[in-house]
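Here are the chains, one letter per residue:
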Amino acid sequence: MKTITIEGVKDFSPDHIFGCGQCFRWERQSDGSYEGIAKGNIARIYFEAQDPENPFGPGTLTIETTREEEHNGQTGGLQKEQEISFWRGYFDLDRDYGKIKKELVSRDTVMGEAIKSGEGIRILDQEPWETVVSFIISSNNNIPRIKKCINCLAENFGQRAGTCRGKEYYSLPEPRVLAALTKEDLACCRLGYRAGYLIKTAVKIKEDGKEKLEDLRECSCEDCFSYIKNLSGVGPKVADCILLFSLRKKNRFPVDVWMRKVMHELYGFAEDDIKGMSDFAEETFGEYAGIAQQYLYYHMRKKDEKRKEKKSR
DNA sequence: GGCCAGGGGATTA
DNA sequence: TAATCCCATGGC
């Protein structure tokens, strides 16, 4: 086990980051830490603010990584400096979210309330292939089941990445592995009709190369969108998620049922006016529309939880 | 552009 | 027990 500590981290809450629907491979532990895997790196992470009165002020981010010697994954054998730089990138630590929050609040009145719900949200820099797979599975699906499907894929067809506190971790299968499978092979993962989309997309990515997907990060939004949207099982909503969560296009504004709810309730849009919502986000939030989306999404989820609690009492 | 099937499981009525 | 919902898309 190796421990990395990064000091002076602001606007950081594991609950907000891992709970805002952007990722599916991290699980909350009873002590409030999160355990999961990113780019083949197994880790347990926790955050402690310097001043408990100011939870979103500067604090220490601790990352415990476990890697087995025989495992020679993509980041295997990295020097400590490189490892720190990987996690800094993954947690988007070089972006000043405090400044972004201030800007968003100044441009819009509803945002203030939304940001208060998820002050410590950050957009993770996830692997494109994993994000493509995850969000194809996410279509018309709920988060617990999406997680189950992804874990099942990794455990049955992925590569063993190591163990953390007794739990075995697997990376997601490579495109060439998925491309060689049939719907019957995938039946154990209960992907439903998404299995066919996944196989078709894996064949396409295998042909084009996984690097093509990574290279899209350097391309324009338009080029990214048209390539990603062309994959089987990817419509405009899923494409926007992939652009925002892994291709670093922070201006994308994915509109799902929750966003429709929040845009309807707090901004007064008609529930099916997705175009109006997107245009409004682009005009109002501009380059930070994706980050604004995360605050709004998390805010709505929180609000819904509270509504349910009230009902059950 | 509108409509409906696709899986399956959890939640609600 | 039945209906509804879920971070939608594909195909007609």
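Remember, predicted model here, so these are calculated numbers, not experimental data. (Residues numbered from 1 in each chain as written. Chains lettered and ligands numbered in written order. Predicted model: local features only at pLDDT ≥ 70, side-chain atom pairs only at ≥ 80, totals over all residues. Heavy atoms only, no water.)

S.K.: I keep staring at the overall build of chain A and nothing clicks. Help me out?
M.R.: Along chain A, the regular secondary structure elements total 15 helices and seven strands. On C-alpha atoms alone, chain A measures out to a radius of gyration of 19 Å, which is about the 20 Å that the 2.2 N^0.38 rule sets for 313 residues. Going through the 313 residues of chain A one by one, you find that 53% of them count as buried. Across chain A, every contact between residues at least 6 apart in sequence was considered, and the portion connecting residues at least 24 apart equals 67%. With the model as given, the accessible surface of chain A reaches about 15000 Å², and the carbon-plus-sulfur share is 46%. With 50 positive and 51 negative side-chain charges, chain A shows a separation of 4 Å between the mean positions of the two kinds. (Helix = DSSP H or I, 4+ residues; strand = E, 2+ residues; numbered from the N terminus. Rg over C-alpha atoms; globule rule 2.2 N^0.38 Å. Buried < 20%, exposed > 50% of the residue type's maximum accessible area, 1.4 Å probe, protein only. Contact = heavy atoms within 4.5 Å. Areas by Shrake-Rupley, 256 points an atom, 1.4 Å probe, with all protein chains shown as cover. Lys, Arg positive; Asp, Glu negative; His and termini not counted. Charge placed at Lys NZ, Arg CZ, Asp CG, Glu CD.)

S.K.: I would appreciate a short explanation of the protein's contact with DNA strand B in the present structure.
M.R.: Taken together, the neighbourhood of DNA strand B is formed by Asn-140, Asn-141, Asn-142, Arg-145, Lys-148, Arg-190, Gly-192, Tyr-193, Arg-194 and Lys-308. Taking the atoms of DNA strand B that fall within 4 Å of the protein, sugar and phosphate contribute 55% of them. Residue Asn-140 places a side-chain N or O atom 2.8 Å away from a base oxygen belonging to DNA strand B. One nitrogen or oxygen atom from the side chain of Arg-190 is found 3.4 Å from a phosphate oxygen belonging to DNA strand B. Its residues placed into classes, the surface near DNA strand B shows one nonpolar, four polar and five charged. (Near = heavy atom within 4 Å. Polar contact = N/O pair within 3.5 Å; in protein donor to acceptor, adjacent residues only side chain to side chain. Nonpolar A, V, L, I, M, F, W, Y, C, P; charged D, E, K, R; others polar.)

S.K.: In this structure, what is going on with the pattern of salt bridges? I would like to understand it.
M.R.: Side chains that differ in charge, positive against negative, can pair when their charged atoms come close. All told, the structure shown has 18 salt bridges when counted by the stated rule. For Glu-64, the salt bridge is made with Arg-44, and the minimal N-O distance between the two is 3.3 Å. Taken together, the residues Glu-64 in strand E5 (residues 59-66) and Arg-44 in strand E4 (residues 41-49) connect sequence positions 20 residues apart. For Glu-64, a relative accessible area of 12% corresponds to the buried category. (Salt bridge = Lys/Arg side-chain N within 4 Å of Asp/Glu carboxyl O.)

S.K.: Could you clarify how one ought to interpret the nonpolar core in this entry?
M.R.: Across soluble globular proteins, nonpolar side chains show a tendency to be buried alongside one another. One finds Leu-153, Ile-228, Met-263, Phe-285 and Leu-296 to be the most contacted residues of the largest nonpolar core, which totals 72 residues. In terms of residue count, helix H15 (residues 289-312) provides more of this core than any other element does, eight residues in total. When residues of this core are sorted by domain, at least three fall in each of domain 2 (128-246) and domain 3 (257-312). Leave out the neighbours within four places in its chain, and Phe-285 touches Leu-104, Arg-107, Asp-108, Met-111, Phe-253, Tyr-267, Phe-280, Ala-292 and Leu-296. By size, the runner-up hydrophobic cluster in this structure holds 22 residues, among which are Tyr-34, Ile-45, Phe-47 and Leu-124. (Core = buried A, V, L, I, M, F, W, Y, C linked by side-chain atoms within 4.5 Å. Domains from an automatic or database assignment.)

S.K.: So what exactly am I meant to see when it comes to unusual backbone geometry here?
M.R.: Glycine aside, the phi torsion of most residues is negative, and most peptide linkages are trans. Positive phi outside glycine occurs at Lys-39, with the angle close to 50°. Here Lys-39 is to be found in the loop between strand E3 (34-38) and E4. By relative accessible area, Lys-39 is classed as partly exposed at 31%. Unusually for a residue other than glycine, Arg-190 sits at a positive phi of about 55°. Among the structural elements, Arg-190 can be located in the loop between helix H8 (183-186) and helix H9 (194-208). For Arg-190, a relative accessible area of 65% gives the class exposed.

S.K.: Mind showing me how you'd approach the environment of Cys-241 here?
M.R.: In this structure, Cys-241 sits in helix H12 (residues 236-246). Cys-241 sits in the buried class, given a relative accessible area of 4%. Remark: the alpha-carbon pair of Cys-241 and Arg-252, spanning 11 residues in sequence, is separated by 7.7 Å. Beyond its immediate chain neighbours, meaning those up to four positions away, Cys-241 contacts Thr-131, Phe-135, Ser-246 and Pro-254.

The quantities given are spatial measurements derived from coordinates; they are silent on function.
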